[in-house]
Each structure stands twice: as C-alpha cells, then as structure tokens.
Amino acid sequence: MNHADRISIDKQTRPVYRAQVAVAVAVRDAVSEAGLDRKLAELVNIRVSQINGCAYCLDVHIRDALKAGEKAQRLAVLPAWRDTDLFTDAECAALTLAELVTTLPSSYEQDCRYAEARTALNDEQISAIIWVAIAMNSFNRISILSRHRVRPDDWKA
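So, a few notes on the structure that sits alongside this text. (Residues numbered from 1 in each chain as written. Predicted model: local features only at pLDDT ≥ 70, side-chain atom pairs only at ≥ 80, totals over all residues. Heavy atoms only, no water.)

Okay, the overall build of the protein next. A tally of helices and strands in the protein yields 8 helices and 0 strands. Counting from the amino terminus, the protein carries its helices and strands in the arrangement α-α-α-α-α-α-α-α. Referenced to the eigenvectors of the C-alpha coordinate spread, the extents of the protein come out at roughly 45 × 35 × 30 Å. In the protein, which comprises 157 residues, the share counted as buried stands at 38%. When contacts within the protein are restricted to residue pairs at least 6 apart in sequence, those whose partners lie at least 24 apart make up 71%. With the model as given, the accessible surface of the protein reaches about 9,000 Å², and the carbon-plus-sulfur share is 54%. Of the side chains in the protein, 20 bear a positive and 21 a negative charge, and the two mean positions are spaced by 9 Å. (Helix = DSSP H or I, 4+ residues; strand = E, 2+ residues; numbered from the N terminus. Buried < 20%, exposed > 50% of the residue type's maximum accessible area, 1.4 Å probe, protein only. Contact = heavy atoms within 4.5 Å. Areas by Shrake-Rupley, 256 points an atom, 1.4 Å probe, with all protein chains shown as cover. Lys, Arg positive; Asp, Glu negative; His and termini not counted. Charge placed at Lys NZ, Arg CZ, Asp CG, Glu CD.)

Shown next as structure tokens:
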C-alpha cells in the first residue's frame, strides 16, 4: 500500500478529529493551571513522538519547542536525557512519565517510575503531564496511520 492509498482520518472523520483537538486545548490549559512551563510540555511531546517514530509530530513540536525558547542542544540529546545533566528534576520526572505512558511497562516498573516522578512533581502536575503524553500518543497514531508527511522547509534550529 502506498501513501496515496491511506485515508487521512483527520480529514475523513472531521468531527472526531475536532474533538481530539479540543482535548489538546484542554490539556494545554491543564499544563498551564498546574504551573508547568510550555517548554516542558514540548519536551514530553517530542519524547513521546521519538518513541513512536512520528516524523510529522517531531517536526511540529521541535519547531514549537524552539519558538518557546528551548535550546537545540537539549533537543539533540533528548533520546539520551538520562545520560546528561541538562534537564531539571521536574523535567526528568516529566520525561519518566512520558516514557511510562508511551511504553506501558510492567506494573512493577510503572510503580517505580511513578514513585520517581512524585519526588519532583505534585499530583496536579503529574496528572497534566500524563494527559500531555496521552494526547501526544493519540496524535502520533493519527499522523502515522494517515501518513502525514514532513515537507521540506528552510526552518532554522
């Protein structure tokens, strides 16, 4: 099956996609209400998209992160974030939750990672980050299954 044979589900079933966008808006509000920074939410979006291999969402959210003031160095090492000292405790906790939501490890490992995240984030922040990861996973699947394409551009990092 080639690209032309795929249905772009966001266009085919617009009311459902609009509802998904409304979820994303509510998630963005929850992030703000939890006192979390937009850059942190974009780190979560990018990490989830890296794990899922969604080129389209990576293109969108790396641009958004750079616009929000994120540093190119941190984005470059994000797949190996545990091996650097470039991320705050809250960011590490958020990335831990992003990976937990995306990979759904064993119950024991979930408990360990969740406990780790609780050391740096409060309940409202944990909930908001989990919702960011859930929403991003959903958008990744929409883009991957619809074969949304990254178009060449002259954007600068």
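The discussion continues.
Bringing the nonpolar core into the picture now. With 28 residues, the main nonpolar core has Val31, Leu36, Val44, Val48, Leu97, Leu121 and Ile129 as its most contacted residues. Mapped by element, the contributors of at least two residues to this core are α2 (14-33), α3 (38-52), α6 (89-103) and α8 (123-146). For this core, the element with the most residues is α8, which contributes 10 residues. Listed in part, the 9 residues of the second largest apolar core include Leu75, Leu78, Trp81 and Phe87. (Core = buried A, V, L, I, M, F, W, Y, C linked by side-chain atoms within 4.5 Å.)

Residue placement: Ser49 occurs in helix α3. Look at Ser49 and you get buried, because its relative accessible area is 0%. Within polar-contact distance, the side chain of Ser49 engages the side chain of Asn140 at 2.9 Å. (Polar contact = N/O pair within 3.5 Å; in protein donor to acceptor, adjacent residues only side chain to side chain.)

In total, this model carries 8 salt bridges according to the counting rule given. Measuring nitrogen to oxygen at the nearest pair gives 2.8 Å for the salt bridge that ties Arg47 to Glu99. A residue pair is termed long-range when its members are at least 10 positions apart, and Arg47 in helix α3 and Glu99 in helix α6 qualify at 52 residues. Looking at Glu99, the relative accessible area reads 7%, which means it is buried. (Salt bridge = Lys/Arg side-chain N within 4 Å of Asp/Glu carboxyl O.)

Glancing now at the side chain of Asn137. Mapped onto the elements, Asn137 comes out in helix α8. By relative accessible area, which is 9% here, Asn137 ends up buried. Here the side chain of Asn137 touches Asn52 through a polar contact of 2.8 Å, side chain to side chain. Beyond its immediate stretch of four places on either side in the chain, Asn137 contacts Val48, Asn52, Val101 and Thr102.

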